[in-house]
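Structural characterization, general
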Amino acid sequence: MTESIVIDAHADTLLKLYFASLMRFSSQENDPLHITKEYLEEGNVNVQVFAMFVPPKLEKIGLEVTLEMIALAKDLAKEKNFTIIKSSKELGYISHKKESTTGMVLSIEGAIALERNLKILPLVHELGVRNIGITWSRPNLFGEGVNFNEKKTGHGLSKDGIQLLEEMENLGMVIDVAHLNYEGYMDVMQFTDAPFIDSHSNAHSICPVSRNLTDDQLEMIGSADGVVGVNFYPKFLSITPEKASINDVIKHIKYIAELIGVKHVGLGSDFDGIATTPIGLEDARKMKELVPLLEKEGFSSKETSKIMGGNFERVFRKIWK
Ligand SMILES: [Zn+2]
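For the structure given in this document, a descriptive report is provided here.

About the cut-offs
- All chains use their own residue numbering, which begins from 1 and follows the written sequence.
- A pLDDT threshold of at least 70 governs which residues receive local features in this predicted model, and a stricter bar of 80 or more applies before side-chain atom pairs are shown or counted, although totals over entire chains, interfaces and linings include all residues.
- Counting from the N terminus, the helices are DSSP H or I runs at least four residues long and the strands are E runs at least two residues long.
- Computation of the radius of gyration draws on C-alpha atoms alone. For the globule rule, the value is 2.2 Å times the number of residues to the power 0.38.
- Neighbour counting defines burial: a residue surrounded by 20 or more other C-beta atoms within 10 Å of its own C-beta is buried, one with 12 or fewer is exposed, and intermediate counts give partly exposed, using backbone-placed C-beta atoms.
- What the arc describes is the spread of directions from the helix axis to the C-beta atoms.
- We call two residues in contact when the distance between their C-beta atoms, placed using the backbone, is within 7 Å.
- Here, a strand pair is defined by DSSP locating no fewer than two bridges between the strands.

1. Digging into the overall build of the protein chain
- Looking only at helices and strands, the protein chain has 13 helices and 9 strands in total.
- Relative to a compact globule of 321 residues, whose C-alpha radius of gyration would be 20 Å, the protein chain shows 18 Å and is just as compact.
- Considered along the principal axes of its C-alpha atoms, the protein chain spans approximately 50 × 45 × 40 Å.
- Counting across all 321 residues of the protein chain, residues that qualify as buried make up 51%.

Shown next as structure tokens:
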């Protein structure tokens, strides 16, 4: 078993908890969670990035919904003994096993909450948010996302989007380009020197859906010293999603590692945001099953631990203050 840190760079658990809190019943009765504290422990996951995604219907009150999700995350952290990680040093403590706790990283998916005024950004940072996905799969003030049907490209980042990048860089926040369109990728390359991540996308060459990344996009992440988190959504893994399994996750990891280097690939399950899961990766308890499969595929144990979390750790520690 690997000694180093395991990081899952994307999950939508807070959205399920948010809906459950609105309806005042346990989400587990009707919609079982893929991620719980216990599942993370069983799956050997040390750090979970929890995304805060505002569904299209609630976009008008995006800031309010995001704040409610931060409150839910804080309650969850208290109740279940997660540590909300806000600095490079705190991540280091978990990585060096100086603290036996599970780390929680707060991330915004689609910067809707910041549309009214970018002055909100430092406040959101103060509340603990460390990563921001610029767009979801539709346009917002900052840029344009790819939609789910075509790899159509519109404009890149807006002026506000470029300003968002600058201010995130000043605050020490990680830029997440998942969902962003191709032009947006080009703009991020142009307007930031910092490594950026794509927390939950796969290789278009293996599974040609609009949300997956062309070789060109993967190369941009590699040349920025960033990391791509491989997504477990069956429809992004395989052209026969009903048969998608943990082996398809390995296939995408291998492809990306061979194309841009093993330093640039990690995991971004998308658990609790995906309606179906691949065979063998039904929830966070199964995360540890990836380790022997990666080693069987020829990755050394050092390379395997980089893929399992070391790569995301490198970027997070470089960016966070
Ligand atoms: Zn997403």
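There's plenty left to go through after this.
2. Side note on the environment of Tyr 93
- One can find Tyr 93 in helix H5 (residues 88-95).
- We classify Tyr 93 as partly exposed; it has 15 C-beta atoms within 10 Å.
- In this structure the C-alpha to C-alpha distance between Tyr 93 and Gly 103, which are 10 residues apart in sequence, comes to 9.9 Å.

3. So, helix H8 (residues 182-191)
- Gly 184, Tyr 185, Asp 187 and Val 188 are the residues of H8 that are buried. Buried residues of H8, viewed axially, fall in a sector of 165 degrees; they line one side.
- Where H8 is buried, its residues touch helix H7 (159-171), strand E6 (174-176) and helix H9 (215-223).

4. Overview of the environment of Gly 273
- Along the chain, the position of Gly 273 falls in the loop between strand E9 (265-267) and helix H12 (290-296).
- The class for Gly 273 is buried, based on 21 C-beta atoms found within 10 Å.
- Measuring from C-alpha to C-alpha, the distance between Gly 273 and Asp 198 comes to 16 Å, with 75 residues separating the pair along the chain.
- Dropping the residues within four chain positions of it, Gly 273 is found in contact with Ala 11, Asp 12 and Leu 15.

5. Structural notes on unusual backbone geometry
- For Asn 81, which is not glycine, the phi dihedral falls at a positive 60 degrees.
- Mapped onto the fold, Asn 81 is located in the loop between helix H4 (62-80) and strand E3 (82-84).
- For Asp 270, which is not glycine, the phi torsion reads 70 degrees and is therefore positive.
- Here Asp 270 shows up in the loop between E9 and H12.

6. Considering the pairing of strand E1 (residues 7-11)
- Within E1, 5 of the 5 residues are buried, which leaves the element mostly enclosed by the surrounding structure.
- Pairing analysis gives 3 bridges linking E1 to strand E2 (residues 47-53), with the strands arranged parallel. Following the sheet pairing, Ile 7 is matched in E2 by Val 47.

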